[in-house]
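Inside the fold
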Number of protein chains: 2
Amino acid sequence: MKNIKLILEYKGTRYAGWQKQNNAVTVQQRLDEAIEKIMGEKPKTYASSRTDAGVHALGLCVSFRAGTRIPVEKLPLALNSALPDDIAVVSAQEAEADFHARFSAKGKKYIYRICSRASRSPIHRDFAWHVTRSLDFEAMKEASGHFVGRHDFSAFKATGGSENSSVRTIYAAELIKSGDLIELHISGDGFLYNMVRIIAGTLVYVGLGKIAACEIPEIISSGDRTRAGKTAPPEGLFLSEVYY
Amino acid sequence: MKNIKLILEYKGTRYAGWQKQNNAVTVQQRLDEAIEKIMGEKPKTYASSRTDAGVHALGLCVSFRAGTRIPVEKLPLALNSALPDDIAVVSAQEAEADFHARFSAKGKKYIYRICSRASRSPIHRDFAWHVTRSLDFEAMKEASGHFVGRHDFSAFKATGGSENSSVRTIYAAELIKSGDLIELHISGDGFLYNMVRIIAGTLVYVGLGKIAACEIPEIISSGDRTRAGKTAPPEGLFLSEVYY
């Protein structure tokens, strides 16, 4: 048996997220079907993260065990021939026997994209949150810096998460502007349920002047979800990279 | 009568290009329908450029005359409500009486995007040319510089163009790399039919080692289309901006 590690890219628009469900099409279902078609065995796949409906991935990591004779380096091409156009295996390698995509993860990087302009954008439509009012980018940039470090992020957690502790360390939170597009690049040792989307929603509240940048530390320490901004929509979110 | 100038953004994937046709859906047809629905009169629209099937636009300029009482600043919202999701009016303004989107244009900027990696990319699929073999970026960058200036671009022109002269001035041709993506930003006083796509195809030939960067000046002066690279596919091309 080989322990196989895959890196997946997908456009999440058409899917009810990563995890298999009974009544909706998910990325895991499509991947499992492709693996079964190519290798002839039903896999038990584990992902680094369970992305929500509509969320994209540039580098989701998946691991599973298989007795296949197909050389691992041939797997991307073989699996991509069996996957729909909006899901692709970017790379495949054989991992150590004890590697597990979820439990071995040491950290993650996410990107959240905001398209800030009056008219909607056909080009960015599926890949960014469209905010029609103008945003104070400098205030948002200042606010993003306050998330870096080790904090209890209870105020930035949706109900329904299964985490034991709400303490996480954010390594970096950078805001980049290019034309109408604002990108948040955020990395840390882990993220609570909807945490990146609530941080993105809070940064937009700062950009709109509803929250002052200097209030962020206080909102974090309050642990009060109602003081943070709204949960930003899924189409702007990309799981960018998983660190092991 | 007002002379109205619109800036259009669209995702060209589903359209047979800008110009109205009998047997295919085009961007002009959808825009004309939206204008008629909002203003109650069939417009005669002129575009700065007739983009081909599958080509995108970030800033196509359109002009037309209309007797509408709708304030021009309300037009983007009104027209966007009548346009499909993959076409949007970004801005509208009243232009001088003699302004014409095509004949008043002084220059244009295009962007051509190449996604260079082994596996296909679900995120960039509709918005970049997927080249599976690795490319020598430095050689491509050197080659791109040779296009700048005033030249006869007969070697970079598809048959079927209606231009009288093949002499054009390229103001700038920059190549930018970010991860797997290579972007060509090229501006000039005008472009021949398929010229940007043939330049992009030639740059990829340079990246693959089929053409040397230093051969570009000779290929330009030869005027021989067969010496340049192949025409790059439409999905990588964006009409970025029109100068007046």
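Residues numbered from 1 in each chain as written. Chains lettered and ligands numbered in written order. Predicted model: local features only at pLDDT ≥ 70, side-chain atom pairs only at ≥ 80, totals over all residues. Heavy atoms only, no water.

1. Thoughts on the interface of chain A and chain B
For clarity, the cut-off: Should any heavy atoms of two residues lie within 4.5 Å, those residues are considered in contact. Here the quantity called buried area is the accessible surface, traced with a 1.4 Å probe, that two parts lose on coming together, added over both. Salt bridge, as used here: a side-chain nitrogen of Lys or Arg that lies within 4 Å of a carboxyl oxygen of Asp or Glu.
Across the boundary between the two partners, chain A contributes 25 residues, which contact 25 residues of chain B. Overall, the association of chain A and chain B removes approximately 1800 Å² of surface from exposure, summing both partners, and the carbon and sulfur fraction of that is 53%. Among the residues chain A hides against chain B, the three largest losses belong to R120, P122 and I123 of chain A. Together they make up 35% of the total. At the junction of chain A with chain B, the criterion picks out four salt bridges.

2. A few points about the environment of A57 of chain A
The cut-off we apply is this: Labels follow the DSSP assignment, with helices taken as runs of H or I lasting at least four residues and strands as runs of E lasting at least two, numbered in each case from the N terminus. Only protein chains enter the accessibility calculation, which uses a 1.4 Å probe. A residue is then buried if its area is under 20% of the maximum for its type, exposed if over 50%, and partly exposed in between.
Position of A57 of chain A among the secondary structure elements: in strand β3 (residues 56-66). The exposure class assigned to A57 of chain A is buried, which follows from its relative accessible area of 0%. Between the C-alpha atom of A57 of chain A and that of Y110 of chain A, which follows or precedes it by 53 residues, the distance is 8.9 Å. Excluding its chain neighbours within four sequence positions, the residues that come into contact with A57 of chain A are L8, E9, Y10 and L239 of chain A together with I123 of chain B.

3. Remarks on the pairing of strand β8 (residues 167-178) of chain A
Residues and elements named next belong to chain A. The line we're drawing: DSSP-based pairing: two strands are paired if at least 2 bridges between them are found.
Here strand β7 (residues 149-152) pairs with β8 via four bridges, running antiparallel. Considered in β8, the bridge of D152 is made with V167. Bridge count for β8 against strand β9 (residues 181-188) is eight bridges, and the pairing is antiparallel. Bridging across to β9, A173 finds its partner in I186. Here β8 folds back onto β9 in antiparallel fashion, the turn holding two residues, of which G179 has a positive phi close to 65 degrees.

4. A few points about helix α2 (residues 75-82) of chain B
All names here are of chain B. Defined as follows: Note: the arc covers the axis-to-C-beta directions of the helix.
Within α2, the full set of buried residues consists of L75, P76, L79 and N80. Taken around the axis of α2, the buried residues stretch over an arc of 120 degrees, which confines them to a single face. Within α2, the exposed residues directed more than 90 degrees away from the buried face are L77 and S81. Looking at the buried positions of α2, the neighbouring elements they touch are β1 (2-10), α1 (27-39) and β4 (87-94).

5. Thoughts on the relation of the copies chain A and chain B
Here is the rule: Only residues with pLDDT of at least 70 in both copies contribute their C-alpha atoms to the least-squares superposition of the copies.
By a simple turn and slide, chain A fits onto chain B: the slide is 0.0 Å along the axis, the RMSD is 0.0 Å, and the turn is 180 degrees. Expressed as an axis order, the relation between the two copies is that of a two-fold axis.

6. A word on the environment of T13 of chain A
All names here are of chain A. Tracing the sequence through the fold places T13 in the loop between β1 (2-10) and α1 (27-39). Given the relative accessible area of 40%, T13 is considered partly exposed. On a C-alpha basis, the gap between T13 and V55 in space is 6.9 Å, while along the polypeptide they are 42 residues apart. Filtering out sequence-adjacent residues up to four positions away, T13 remains in contact with G54, H56 and D126.

7. Structural notes on the packing of α1 of chain B against α2 of chain B
Residue and element names in this part refer to chain B. Note the cut-off: Orientation is described by axes fitted as lines to C-alpha atoms, over the contacting stretch for helices, and by angles from 0 to 180 degrees between their N-to-C directions. For classification purposes, angles smaller than 35 degrees are called roughly parallel, those larger than 145 roughly antiparallel, those between 65 and 115 roughly perpendicular, and all remaining angles oblique. Put simply, a crossing is left-handed when the front helix is turned counterclockwise from the back one by less than a right angle, and right-handed when it is turned clockwise. Note on residue categories: nonpolar means Ala, Val, Leu, Ile, Met, Phe, Trp, Tyr, Cys or Pro, charged means Asp, Glu, Lys or Arg, and polar means any other residue, Gly included.
Two numbers describe how α1 lies on α2: the axes approach to 9 Å, and their chain directions differ by 115 degrees. Regarding the angle of α1 to α2, the classification is roughly perpendicular. In this structure, α1 meets α2 at a crossing whose hand is right-handed. For the pair formed by α1 and α2, the contact residues are A34, I35, K37, I38 and M39 on the first element and L75, A78, L79, S81 and A82 on the second. Residue composition of the contact of α1 with α2, grouped by class: eight nonpolar, one polar and one charged.

8. Considerations on the domain arrangement of chain A
Residue and element names in this part refer to chain A. Under the convention used in this document: Domain borders in the structure are assigned automatically or taken from a domain database.
Under the domain assignment used here, chain A contains domain 1 (2-94) and domain 2 (107-243). Computed over C-alpha atoms only, the centres of domain 1 and domain 2 are separated by 27 Å. Listed as interface residues are 16 residues of domain 1 and, on the opposing side, 17 residues of domain 2. Counting each side, the surface lost to burial between domain 1 and domain 2 is near 1200 Å², with a carbon and sulfur contribution of 56%.

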